[in-house]
Amino acid sequence: MLEVPGDTDERLRQPLTEITEKQEMLAWLHGQLPAGAGTYVAALPTSVNLADDEVLAAHGTLDKAWTYLLRDG
């Protein structure tokens, strides 16, 4: 199975501290997931190649899940 992180998944890469953005949501998320999930997600690639490199898949853009891709027109 090939996986790429989505925008919420990227939050799992952040340390959970008093100044973490979306701290309440992130604390809840860590409580729902098994130990080590943040480390696992942090190791995921931001893009993957499929179908003998005919398809490139990513969440958002190739380097950042938070960037929206909008088709012009």
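1. Quick notes on the overall build of the chain
Of regular secondary structure, the chain possesses three helices and two strands. Listed N to C, the secondary structure of the chain is α-α-α-β-β in terms of helices and strands. Here the chain has a C-alpha radius of gyration of 14 Å; the compact-globule value for 73 residues is 11 Å, and the former is much larger. Put simply, the chain has 73 residues, and 21% of those count as buried. Long-range contacts, defined here as pairs at least 24 residues apart, represent 47% of the contacts in the chain between residues at least 6 apart. Accessible surface for the chain amounts to roughly 5,800 Å². Of this, 53% is attributable to carbon and sulfur atoms. Each charge class in the chain can be summarised by its mean position, and for the 5 positive and 12 negative side chains these summaries are 6 Å apart.

2. A few points about the environment of Gly-36
Along the polypeptide, Gly-36 turns up in the loop between helix H2 (23-32) and helix H3 (37-42). Taking relative accessible area as the criterion, Gly-36 reaches 46% and is therefore assigned partly exposed. With 26 residues separating them in the primary sequence, Gly-36 and Glu-10 have C-alpha atoms 14 Å apart.

3. Side note on the pairing of strand E1 (residues 47-50)
Bridge analysis of E1 against strand E2 (residues 55-58) gives four bridges, and the strand direction is antiparallel. Bridge pairing in E2 places Val-48 opposite Ala-57. Once E1 ends, the chain turns through four residues before running back antiparallel as E2, passing Ala-51 with a positive phi of about 50°.

4. Comments concerning the nonpolar core
Core analysis: the largest hydrophobic core is formed by five residues, namely Leu-12, Leu-26, Leu-29, Val-41 and Leu-44. Not counting residues within four places of it along the chain, the set of residues in contact with Leu-12 comprises Leu-26, Leu-29, His-30, Leu-33, Gly-38 and Val-41.

5. With respect to the confidence of the model for the chain
Considering every residue of the chain, the mean pLDDT works out to 81; 93% of them sit at 70 or more. Helix H1 (residues 7-11) is the least confidently modelled element of the chain, averaging 78 in pLDDT, while E1 averages 90, the highest of any element.

Scoring rules and cut-offs
Residues numbered from 1 in each chain as written. Predicted model: local features only at pLDDT ≥ 70, side-chain atom pairs only at ≥ 80, totals over all residues. Heavy atoms only, no water. Helix = DSSP H or I, 4+ residues; strand = E, 2+ residues; numbered from the N terminus. Rg over C-alpha atoms; globule rule 2.2 N^0.38 Å. Buried < 20%, exposed > 50% of the residue type's maximum accessible area, 1.4 Å probe, protein only. Contact = heavy atoms within 4.5 Å. Areas by Shrake-Rupley, 256 points an atom, 1.4 Å probe, with all protein chains shown as cover. Lys, Arg positive; Asp, Glu negative; His and termini not counted. Charge placed at Lys NZ, Arg CZ, Asp CG, Glu CD. Pairing = 2+ DSSP bridges. Core = buried A, V, L, I, M, F, W, Y, C linked by side-chain atoms within 4.5 Å. pLDDT = per-residue confidence, 0-100.

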